[in-house]
Amino acid sequence: MSTEPDAAGATGEGTVGYGPDDGVLVIENLTKRFGGLTAVDDLSFAVREREILGFIGPNGAGKSTTFNCVTGRYPPTSGTVWYRGEDVTGESAHEMVNSGLARTFQEFRPLHDRTVVENVAIGLVPDRLFSLAGLRGETGQRAASICRRVGLGDRLELTPDELPHAGLLRLELGRALATDPDMLLVDEPFAGLSGPEVESVSGLLRELRDEGLTLAVVDHNMRGLLSLIDRAVVINFGAKIAEGAPEEIRQDPEVQRAYLGGDL
Amino acid sequence: MSDDTLGEDAAVEQSSPATGRSLPARYVAGLIGLALLAVLPVPSLLGVESVTLFGTVTITFGLSSYQLLQVAGAFYFAMFAMSWDVVSGYTGQISFGHGFFFALGGYTSALLNLTYGVAPLAAIPAGVAVAALGGVVIGVPALRLRGPYLSLVTLVAPQVLLSVFILFSGTFGGELGLSSPDNLLGVGLGNPVLVYYIAFALFVAILAVLLAVTRSSAGAVFTAIREDEDAVAAAGLNPAKFKTFAFVLSAAVGGLAGAVLVHTPVGNPQPSQLLATQVSIEVIIAAILGGMGTIVGAAIGGLIVYLLPEYLNTVEYVVPVLDAPVSEIDFLLFAVIALVLLFVMPGGVLRAALRIARDRLSDRRGEGVAADGGRRARTPVEQVRERWRSAVERTLGRGPDRERRTTDGRRSDGRRADDRDANRGHENGGDTDEH
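Residues numbered from 1 in each chain as written. Chains lettered and ligands numbered in written order. Predicted model: local features only at pLDDT ≥ 70, side-chain atom pairs only at ≥ 80, totals over all residues. Heavy atoms only, no water.

Draft legend 1. Representation of the overall build of chain B within the structure. Assigned secondary structure in chain B consists of 21 helices and two strands. For chain B, the proportion of its 435 residues judged to be buried stands at 52%. A separation threshold of at least 6 residues defines the contact pool for chain B, and within that pool the share at least 24 residues apart is 76%. Total accessible area computed for chain B in this model is approximately 19000 Å², and 65% of it derives from carbon and sulfur atoms. (Helix = DSSP H or I, 4+ residues; strand = E, 2+ residues; numbered from the N terminus. Buried < 20%, exposed > 50% of the residue type's maximum accessible area, 1.4 Å probe, protein only. Contact = heavy atoms within 4.5 Å. Areas by Shrake-Rupley, 256 points an atom, 1.4 Å probe, with all protein chains shown as cover.)

Written as structure tokens, this is what we have:
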């Protein structure tokens, strides 16, 4: 991919010209207003093929809103979202998933009424009313292998309520992976995880990238995240304030000001 | 008999590793039940034709012609309950007006027969088609509504239809309904055994179709919608498509039962039998009592709710304190029994029976009590209540996030603020965006 988004983006002015082919996922001039509140303000950035992008910002910076506009939870007020060169602005959540962009929920949204493996299996169900792919048999085996992939192989028959916090995160990842995505948006994976758990989840995300997945990881906390990501986009008050490699981000005065010596 | 899409089965299964063996037991029990229903009229047949094939034990089950017709009527009511269950029990979109679909099916078929002389066999499919169309008319706009608002729409729809029937009484017969159309295949009161078997065959057919749908992957999606629609969308599945499908399937099945019912001696195209609010409500009671979200439970509940008052009506025992014969307070007793059952077994009769059976089995195998630390899985009724509460809270601007933010210490850092505002903005929809 080209390098000009990097150079231009660091100024924080959202008027940089991004084209549909500047990355797997390209967001241009995205704005989302709720009444008088501007949650996302003319935000532009691109996610490149097979990178792990950190999408960072303090609390309330508009990360989740950006995320929700991209994944079809609600339409942006203005701006464009491209995925794999196609304009997908305002597409509904399931359409985004079917075009290859899966997500996890920050607040964890397992289906409490079924087991871990059945939760993952729901991601394998084709979006058709009549399908011969039963939830038993082959689908069950594929679901079980995805569970093993995300480290839940020994807990297939537990219910989500019996899983610890880290297990629920793995379940979110498993269900997203079951939709066979090219790109995964991971919302706040490290919140509430212990040090070793952060390490092990980071390892899993790196493995997924090595298998060909592109990842965008949202977090307000840079600890743990900076060692995982290849590149970061930092936003505050809905607008981009910095973009670049983890080291540059750490040194950036504006980022330091935004965090006010917080957890950098 | 029912597959383990039942919520709590998952939890129970861990406690008994031998579930693989206990599963067939449920199927066997179900098949025995169906077989008993199938041979129910045999003694009557034997009595009439005095043939001695295997009339040994079953003599005691001998039913009068009147009782056979009652059970036939119960089959149709059970079909109504099953049709409600496939949309409301499974996807959690509670319909308070399923009579709308029964009436569309029944009236269409009856009118075609009475007015144009169309044979019942041809008129019934037309009734099914009109009912399915009604499912589209109600179901598609309902996609925009969540929780109790959808239910309000379904509550009003039958009232609109009833008003139309009354307004055009010349055509629809008003509140009294239409006269009886021709009987299906000419099977009338003179042949109660055939009336019974037609009802039984349709009952089994609908049971089979609905079991097939709900035990396929579509059924798993239905129950997932009941649990969390956003999670379903995040799995790449279009919730609207599956909800519409459930609605139309349910309407078609309800319409079929209504259409066939009017062409039998046990039912007529009358609002009191198809369209009245009481019909819609009794169908809900039946499905919840039997076991919402299981189809089989709705079938059992339908039979119980229809036959129990009929049975109580024949009891001559006089209740001491009230000094009233049971037959006079049959509906009161029925309502009290229904209430008690709902309190004792909130998941329905079927779930309770399955759980008791499992506990017995695991006791006999010497397995300890289940140590499944997790909370008890929620019943579908509880899931629906949760949906309704969050829908109302969102409308009133009291998002559940606010509460969580203040009670959850780890996240009391305001991180949820953007989320909450986002949620509220979402619910208020596009209109706030424009200001």
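What follows picks up the thread again.
Draft legend 2. Geometry of the overall build of chain A. The number of helices and strands found in chain A is nine helices and 10 strands. Classification of the 264 residues of chain A by burial places 59% in the buried group. Entry remark: accessible area of chain A is about 9800 Å², with carbon and sulfur atoms responsible for 49%.

Draft legend 3. Summary view of the sheet that holds strand β7 (residues 183-187) of chain A. All names here are of chain A. An order of β6-β7-β8-β3-β9-β10 is seen for the six strands of this open sheet, with the pairing classed as mixed. On the outer flanks of this sheet lie β6 (101-103) and β10 (239-244), each paired with one strand and no other. For this sheet the average axis-to-axis angle between neighbouring strands, irrespective of direction, equals 20 degrees. Judged from the three bridges that link them, β6 and β7 form a sheet pairing that is parallel. Residue pairing across strands places alanine 102 opposite leucine 184, the latter belonging to β7. Contacting β3 (52-56), β6, β7, β8 (214-219) and β9 (231-236), helix α2 (residues 63-70) runs over the sheet at an angle of about 150 degrees to β7. (Pairing = 2+ DSSP bridges. Axes fitted to C-alpha atoms, helices over the stretch in contact; angles between N-to-C directions.)

Draft legend 4. Fine view of the packing of helix α5 (residues 99-116) of chain B against helix α7 (residues 148-167) of chain B. The geometry of α5(B) relative to α7(B) is characterised by a closest axis approach of 9 Å and an angle of 35 degrees between their N-to-C directions. Residues B:Phe100, B:Ala103, B:Leu104 and B:Tyr107 of α5(B) pack against B:Ala157, B:Pro158, B:Leu161 and B:Phe165 of α7(B).

Draft legend 5. Molecular detail of helix α14 (residues 277-291) of chain B. Residue and element names in this part refer to chain B. End to end, α14 covers 21 Å across 15 residues, agreeing with the expected 21 Å (1.5 Å per residue, within 8%). Residues Val279, Ser280, Val283, Ile284, Ala286, Ala287, Ile288, Leu289, Gly290 and Gly291 constitute the buried set of α14. One or two positions beyond α14, positive phi appears at glycine 293, with a value near 80 degrees. (Expected span 1.5 Å × (residues − 1).)

Draft legend 6. The packing of aromatic side chains, seen in detail. All names here are of chain B. Tallied over the full model, the rule gives 14 aromatic pairs over all chains. On the basis of an interplanar angle of 70 degrees and a centroid distance of 5.3 Å, the ring pair of phenylalanine 75 and tyrosine 196 is categorised as edge-to-face. Of this pair, phenylalanine 75 sits in helix α4 (residues 65-91) while tyrosine 196 sits in helix α9 (residues 192-215), and the two are 121 residues apart along the sequence. Assessed through its relative accessible area of 0%, phenylalanine 75 is described here as buried. On the numbers, 6.3 Å between centres and 15 degrees between planes, the contact of tyrosine 196 with phenylalanine 200 is stacked. (Phe/Tyr/Trp six-rings, centres within 6.5 Å; stacked < 30°, edge-to-face > 60°.)

Draft legend 7. Quick peek at the side chain of A:Glu51. Residues and elements named next belong to chain A. Mapped onto the fold, glutamate 51 is located in the loop between β2 (37-47) and β3. At 2.9 Å, the side chain of glutamate 51 forms a polar contact with the side chain of arginine 231. When neighbours within four sequence positions are excluded, glutamate 51 is seen to be in contact with Ala46, Arg209, Thr214, Leu215, Asp230 and Arg231. (Polar contact = N/O pair within 3.5 Å; in protein donor to acceptor, adjacent residues only side chain to side chain.)

Draft legend 8. Quick peek at the pairing of β2(A). Residue and element names in this part refer to chain A. Relative to β2, strand β1 (residues 25-34) runs antiparallel, the two being bridged by seven bridges. What sits directly across from valine 26, in β2, is alanine 46. Between the antiparallel neighbours β1 and β2 lie two residues, among them glycine 35 with a positive phi of about 60 degrees.

Draft legend 9. Up close: the pairing of β10(A). Residue and element names in this part refer to chain A. By the criterion of burial, β10 is predominantly enclosed, with five of the six residues buried. Judged from the five bridges that link them, β9 and β10 form a sheet pairing that is antiparallel. Within β10, the residue paired with asparagine 236 across the bridge is alanine 239.

Draft legend 10. Quick peek at the nonpolar core. By size, the foremost hydrophobic cluster in this structure holds 107 residues, and its most contacted members are B:Phe75, B:Tyr76, B:Met79, B:Met82 and B:Phe203. Those residues in contact with B:Phe75 that sit more than four places away from it in its chain are B:Leu37, B:Tyr196, B:Ala199, B:Phe200, B:Phe203 and B:Leu303. Residues A:Phe108, A:Leu168, A:Val217 and A:Leu226 belong to the second largest nonpolar core, which totals 49 residues. (Core = buried A, V, L, I, M, F, W, Y, C linked by side-chain atoms within 4.5 Å.)

Draft legend 11. Expanded view of the pattern of salt bridges. Applying the stated criterion across every chain yields a total of 19 salt bridges over all chains. Between A:Arg109 and B:Asp228 there is a salt bridge whose closest N-O contact spans 2.7 Å. Residue A:Arg109 is located in the loop between β6 and α4 (116-121), and its partner B:Asp228 is located in the loop between α10 (217-227) and α11 (229-234); the two belong to separate chains. For the residue pair A:Arg109 and B:Asp228, the accessibility class agrees, reading buried in each case. (Salt bridge = Lys/Arg side-chain N within 4 Å of Asp/Glu carboxyl O.)

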